[in-house]
Amino acid sequence: MHTTNKGWKRLLVGALGLFLAAAAQARGYDEIRKAGKIVIASEGQYAPFNHFENNKLTGFEIELAELVAKKMGLAVEWKALGFDALLAGLNQGRWDLVIASHGVTQERARAVTFTEPHYCSGGIVVSKNPALRAAKDLAGKSVAVQTGSSYMQQLSKLPGLKEVKNFPQDTDARTAMLSGRLDAWVTDRFVAKAAAKSQPAAGLQVGELIFVERIAAAVGKGNTPLAQAYNQALREVFADGSYAALSQRYFGEDVRCK
Ligand code: ARG
């Protein structure tokens, strides 16, 4: 067959286009099952939910996702990335699922498909000043939060704050509060508890819950078969006692949504 130079070019461009189109799409559940492996992304800077210990990604959500994947009959390939990049990567097909303590919000639910929640929690006020405990105490104060977090969004609705300063990592928001540069830090209640416990000398005062949220994993928008398979496996982990044991080990209580 005779193909002109131009023809080859067209073919190449066409093939590249197809490749990009395929790469830019989330994998369906069938494809994942055939591969026997699910690619899950998390952050790794959010103890005790997802963090690094001796260079290994671990934490409540990491162990939980391993249990769920095992019920699905899948091996897990983990990826750790900046919190802000996680949800966008789903629809680009860069990973199949995200588990990184995302609260289910309307705004996020427009972009991705959430699974059923794996714990219930909320944002809490943490400060070195024992007088800062509740939402009303934050009037006139400067508050540190993680960039792109649900707390950042919620705080923007509170009246009278002096400043909401955001940090790419929640640990940096904590550091800014500890150094006295900002008055308070708003984070998850269990993250706050763990921080207070790991730094007993820092004088962290854990105040009140100011927002509540349901925390879930997410898959690409409309990837319902994958979400359903995950939900089914999560229910099995709830039912067979392994969730309860894991939650007890991390938190001394059962943190599932009641
Ligand atoms: N729960 C909060 C949210 O929905 C914070 C999550 C932060 N997660 C993390 N891996 N740093 O945005």
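Scroll up a little and you will see the structure.
Values in this document were obtained by computation on a predicted structure and should not be read as measured data. (Residues numbered from 1 in each chain as written. Predicted model: local features only at pLDDT ≥ 70, side-chain atom pairs only at ≥ 80, totals over all residues. Heavy atoms only, no water.)

**Q** Is there a simple way to explain the sheet that holds strand β9 (residues 163–167) in this structure?
**A** Pairing between sheet strands relies on hydrogen bonds along the backbone, with the strands arranged either parallel or antiparallel. The strand order β5-β1-β6-β11-β7-β10-β8-β9 describes an open sheet built from eight strands, whose pairing is mixed. Every interior strand has two partners, whereas the edge strands, β5 (75–80) and β9, have only one. Each strand axis lies, on average, 30° off the axis of its neighbour in the sheet, ignoring direction. Note that strand β8 (residues 142–146) and β9 share five bridges and pair parallel. Bridged to V145 within β9 is N166. (Pairing = 2+ DSSP bridges. Helix = DSSP H or I, 4+ residues; strand = E, 2+ residues; numbered from the N terminus. Axes fitted to C-alpha atoms, helices over the stretch in contact; angles between N-to-C directions.)

**Q** Just to check I follow, could you spell out unusual backbone geometry for this structure?
**A** Keep in mind that most residues, glycine aside, have a negative phi and that most peptide bonds are trans. Put simply, A47 and P48 share a cis peptide bond, and its omega is 5°. Mapped onto the elements of the fold, P48 is located in the loop between β2 (45–46) and β3 (50–53). Its identity as a non-glycine residue notwithstanding, N54 has a phi of 50°, on the positive side. Mapping N54 onto the fold places it in the loop between β3 and β4 (56–58). A positive phi angle, near 65°, is found at S101, a position not held by glycine. You can see S101 is positioned in strand β6 (residues 97–103). Residue classification places S101 among the buried positions, given a relative accessible area of 8%. (Buried < 20%, exposed > 50% of the residue type's maximum accessible area, 1.4 Å probe, protein only.)

**Q** What am I meant to see in the packing of aromatic side chains here?
**A** Aromatic ring pairs are described here by two measures, namely the spacing of the ring centres and the angle between the planes. For the coordinates displayed, the defined rule picks out 12 aromatic pairs. When the centroid spacing of 5.7 Å and the interplanar angle of 80° are considered together, the rings of F60 and Y243 count as edge-to-face. Separated by 183 residues along the polypeptide, F60 in helix α3 (residues 60–71) and Y243 in helix α10 (residues 242–251) bring together distant segments of the chain. No difference in accessibility class separates F60 from Y243, as the two residues are buried. Cluster of aromatic residues (ring-pair linked, three or more members): Y46, F49, F60, Y119, F190, F238, Y243, Y250 and F251. Lying over the aromatic face of F167, K165 brings its terminal NZ or CZ to 5.3 Å of the ring centre. (Phe/Tyr/Trp six-rings, centres within 6.5 Å; stacked < 30°, edge-to-face > 60°. Lys NZ or Arg CZ within 6 Å of the ring centre and 35° of its normal.)

**Q** Explain the pairing of β3 to me, please; I cannot follow it from the model alone.
**A** Walk down a regular strand and you will see the side chains alternate between the two sheet faces. As judged from the two bridges shared by β2 and β3, these two strands associate in the antiparallel manner. Along β3, the bridge assignment pairs Y46 with N50. The antiparallel pairing of β2 with β3 creates a hairpin that spans three residues between the two strands. In this structure, the hairpin formed by β3 and β4 is closed by a connection of two residues, where N54 is found at a positive phi of approximately 50°.

**Q** How should the pattern of salt bridges be read in this particular structure?
**A** For side chains bearing opposite charge, pairing can occur when the charged atoms are close. If you walk through the whole model with that rule in mind, you get 10 salt bridges. When the shortest N-O distance is used, the salt bridge between K71 and D240 registers 2.7 Å. With K71 in helix α3 and D240 in the loop between α9 (224–239) and α10, this pair connects stretches of sequence that are 169 residues apart. Using a relative accessible area of 36% as the deciding quantity, one classes K71 as partly exposed. (Salt bridge = Lys/Arg side-chain N within 4 Å of Asp/Glu carboxyl O.)

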